[in-house]
Structures are given as structure tokens and as C-alpha cells.
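# Close look at the chain arrangement
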Amino acid sequence: MAAASQSQDKSARQKEIDNWLPITSSRNAKWWYSAFHNVTAMVGAGVLSLPYAMSELGWGPGVVILIMSWVITLYTLWQMVEMHEMVPGKRFDRYHELGQHAFGERLGLWIVVPQQLIVEVGVNIVYMVTGGKSLKKFHDTVCPNCRDIRTSYFIVIFACVHFVLSHLPNFNSISGVSVAAAVMSLSYSTIAWVASLEKGVKPNVDYSYKGENRADTALSFFSGLGEVAFAYAGHNVVLEIQATIPSTPEKPSKGPMWKGVIVAYIVVALCYFPVALVGYWIFGNSVDDNVLITLEKPAWLIAAANMFVVVHVIGSYQIYAMPVFDMIETVLVKKMNFRPCFRLRFITRTLYVSLTMLIAIAVPFFGGLLGFFGGFAFAPTTYFLPCIMWLAIYKPRRFGLSWFANWTCIVLGTILMILAPIGSLRAIILSSKSYKFFS
């Protein structure tokens, strides 16, 4: 009797904690929640760097890599949606839970959690930089004769929004922010390529590689690979998004989730391909690492586009921060036995936003950061870790179509993971020569 009572108490406490944690506290999302959450997670700062990535990759390789990345990441995203409920009666609500099922309790944590944290914290830092730089660009465009204000101050202004929004409890509570962000992503992407098209091809446009020698060209090419990888980052939060959708044996969550993913990927294609190809076609290798910086006129349109970017990265920051909050709060409540309460949430989330803000102020190397994080962490979690899990769990027939497709993704993803950070680290080092920390 005592053992049964103890078990019930433990189960009740577990349920109470699950109802408090941000990922599992609300499961009433519709399929369109999946669509706009995935668009917000995917289409972010990365889309604005795609013309610059094309200038590093060149026409032929650039187009091939863009298309291959779209196809490969859609395939690996489908795998994750399928694996969410592969065990009857159980849901893998978090990426690391799926990793633990595939690789074992301890090894799964060590394989997935460090990579996922690098991605999510890395994205939040990059979005702090993007938000601050876009606010500065908006200010400078609207008021060209005003006193120059340092980027650091704009990053602080951008962070202040998150000191408020970060206290929204779960994914569904940020759905309004996410809808606005998804609409903004399509809007500024369209402005970026339409405004580029309106400018017309630059006189003496140059499509040759920028490097002074073969080593420079190769390192730039590697950096470009990382920037493309960064653009396809939604996998790191896909299981957490799917966890918000209700599920029954008759109507599993993978149905509405997959419908939302398809819509999201159509929007991704409408954003990525025109921006990358038109931006590179118009400006060639003189394009900046953020195409909106290259576009100076019409001033009102560029100002609007930059403000759309700010609204979008506000939503994206929250989408990537929510799983981090969930990890922190899970450790504090389950492992360290803190009481689930508002004060605990307020302190941890405020400290997290402060940390990402300080790092963003210290190292705002936009292009280099994109490529480095894209290659080092996004490539594994997006391009090939789902494939390794699929092979470990489902064990498809050797040399069959599924086996061959997964191993192709693993080989290409591993090459990307090795090469991209090398080029991006060089870009960061070159940028740092002319930059004073906390300037």
C-alpha cells in the first residue's frame, strides 16, 4: 500500500511538473501552428546572407547546394516527424529524448544536448546581432543626418523586448508573436529580391570568386557552405513544436505536423531561392553578408524591410529560446528539486537573455558567426543526426533505398560539418582585426 501511494505521489508530481514545463504544458495546437512556427524557426537571419553565400560558392555549386539542402533537410525533417511517436503510447517531445531512445540514456544525452544547445544558444546570439544591426540600419536610413549610435546600444534595445517576451510560459503562448514573425519573413524576403531586381544588374558586375589565391577561394567556399547550412535550422525545435499538437491513436500528431511542414517548406522555397539567386545576379561578389545592407534605396522600403527583420527575429529568438528554457527548468525542477514557480522562471530566463545579449555585443561578426554555427552544429542536427537515428532505430535493409539515402545524407553532412567551420573561423579572425570588443 505504502509503495503504491508513493508511486502515485511521484506520478502526480511528474504530471504537475510536465504541466508547468514550457514544452509539455499545452497540447492544443492546430496544424497551422506547425506551419508558422516552422517558418519562424527556419526563415531567419540566414536568408539575408544567401546572396553572399552564393558569391562564395559561385553559380553552379551554389545552385546545386541550395537545392540539395532544401531536399535533404525536408527528408530529414520528415524522418523526425515520423519518429516523434514511433513507440505506441509514448511521445518524444524533445530532441534529446529521441536521441536517448536511439543511442541509450546517457550516450543519447551526450550526443544530442551539447549540439542542440550550441545551435539554439548560437541562433539566439546571432539573432541578437541581427536585431541590433537591423535596428541601426532602420535608424540610419530614416534619419541619415542624426548622430551616429553604436550597434551595441541597438542590441541592448532589441534585448529589452526579450526581457518581457521571455516570460511567456510556453510555445502556444508565443503563437501570436510567431504568426507576426512568419508574415514578416515572407515580407522582407520579397522586398529584398524585388528591390534588388528593381535596381538592375550593377555595371561591371563580377561573378568570379573573390579570393586572391586558391587557398582564399577554398576557405570562402567552406564559409559559404556553413551559411547555407545555417539557413536550414528548424530541425532543432521540430519535436518540441510537434509536442504542442494533440495526438490520439486514431489521429496521431504526425498528420497535422507534416501538413504544416509542407506549407512551411513551400514558404521557405519562396523566400530562399529568389533572394539568393536574384541578389547574387544583381550584385555579384560585391554583395554584403546581409543583402539589405547592400540595398540603399528607396530609403522608405529598406527601412520597412529592416523593421520587418526586427519583428521576425524577435519571434525566431523566442522559438529557439523556448527549448533552452525547458532544458534549464527541467534540470532545476527535476534534478535539483526546485519548486516550479514564477520566481524561478523569471530569474533563469532573465539571466539567459542577459547572457546572449552580452555575447552578441562582444562578438557581432554576422557572416562569420552564421557560417561557423551553421557548419559546426547545424549540419549534424539538421543534415545527418536524424539519419543516424533512423538507421539505429528502424534498421532498414542494407543497400536498400532508405539505407542508401540515409548514408548519402550522413556523408554529405559530415563533409559540411568539417569544412564549413574552417572557412568561417577565418572570416571571424579577419573581422576581429578591425573590431574592438564591446565598442
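In the block above lies the structure referred to throughout.
So, here's what we can say about the structure. Starting from 1, residues in each chain are numbered consecutively following that chain's sequence as written. pLDDT decides what is reported in this predicted model: residues at 70 or higher carry local features, side-chain atom pairs at 80 or more are listed and counted, and totals for whole chains, interfaces and linings draw on all residues regardless. By convention in this description, side-chain values take in all heavy atoms of the structure and omit both hydrogens and water.

### Considering the state of the cysteines
Disulfide assignment relies on a single distance test, namely cysteine sulfur atoms paired within 2.5 Å. Under the defined criterion, the tally for this structure stands at one disulfide. Bridging Cys143 to Cys146, the disulfide has an S-S length of 1.5 Å. With the S-S dihedral at roughly 65°, the linkage between Cys143 and Cys146 falls on the right-handed side. For every residue, the accessible area obtained with a 1.4 Å probe (protein chains only) is divided by the maximum for its type, and the residue is called buried under 20%, exposed over 50%, and partly exposed between those limits. Judged by its relative accessible area of 36%, Cys146 falls in the partly exposed class. No disulfide involves Cys409; its nearest neighbouring cysteine sulfur is the one of Cys387, lying 4.1 Å away. Here Cys409 falls in the buried class, since its relative accessible area comes to 6%.

### Examining helix 4 (residues 50-57)
Per the convention used, a helix needs a DSSP run of H or I reaching at least four residues, while a strand needs a run of E reaching at least two, with both numbered from the N terminus. Burial runs high along helix 4: seven of the eight residues are buried. Listed in full, the buried residues belonging to helix 4 are Leu50, Pro51, Ala53, Met54, Ser55, Glu56 and Leu57.

### Considerations on the nonpolar core
Working definition of a nonpolar core: buried Ala, Val, Leu, Ile, Met, Phe, Trp, Tyr and Cys residues. They are joined through side-chain atoms within 4.5 Å. Among the nonpolar cores identified, the biggest contains 114 residues, and Tyr232 and Tyr272 are the most heavily contacted of them. Broken down by element, this core gets its largest block of residues, 15 residues, from helix 12 (residues 254-283). Not counting the four nearest positions on each side in its chain, Tyr272 is found in contact with Met42, Val43, Val47, Leu50, Ala231 and Tyr232. In this structure, Ile17, Leu21, Leu332 and Val333 belong to the second largest nonpolar core, which totals seven residues. By definition in these notes, contact holds between two residues if any of their heavy atoms fall within 4.5 Å.

### What about the pattern of salt bridges?
Salt bridges are counted wherever a side-chain nitrogen of Lys or Arg sits within 4 Å of a carboxyl oxygen of Asp or Glu. Taken as a whole and judged by the stated rule, the model has nine salt bridges. For the salt bridge of Asp93 with Arg27, the shortest nitrogen-to-oxygen distance reads 2.8 Å. You can see Asp93 sitting in the loop between helix 5 (59-83) and helix 6 (95-103) and its partner Arg27 sitting in the loop between helix 1 (2-20) and helix 2 (31-42), a full 66 residues away along the chain. The exposure class assigned to Arg27 is partly exposed, which follows from its relative accessible area of 30%.

### Some details on the side chain of His139
Secondary-structure assignment places His139 in helix 7 (residues 105-142). With a relative accessible area of 19%, His139 lands in the buried category. Aside from chain neighbours lying at most four places away, what touches His139 is Cys146, Arg147, Ile149 and Phe154.

### With respect to the packing of aromatic side chains
Two numbers describe a pair of aromatic rings. These are the distance of the centres and the angle of the planes. Pairing of aromatic rings covers Phe, Tyr and Trp, the last counted by its six-membered ring, and requires centre-to-centre distances within 6.5 Å; plane angles under 30 degrees mean stacked, over 60 mean edge-to-face, and any other angle means tilted. The final tally for this structure, using the stated rule, is twelve aromatic pairs. Here the aromatic rings of Tyr33 and Phe36 are separated by 5.4 Å at their centres, their planes lie at 35°, and the arrangement is tilted. With Tyr33 and Phe36 both in helix 2 and three residues apart, the pair spans about one turn of that helix. Centre to centre, the rings of Tyr75 and Trp78 are 6.1 Å apart; their planes meet at 25°, and the pair counts as stacked. With Tyr75 and Trp78 both in helix 5, this residue pair falls three residues apart, about one helical turn.

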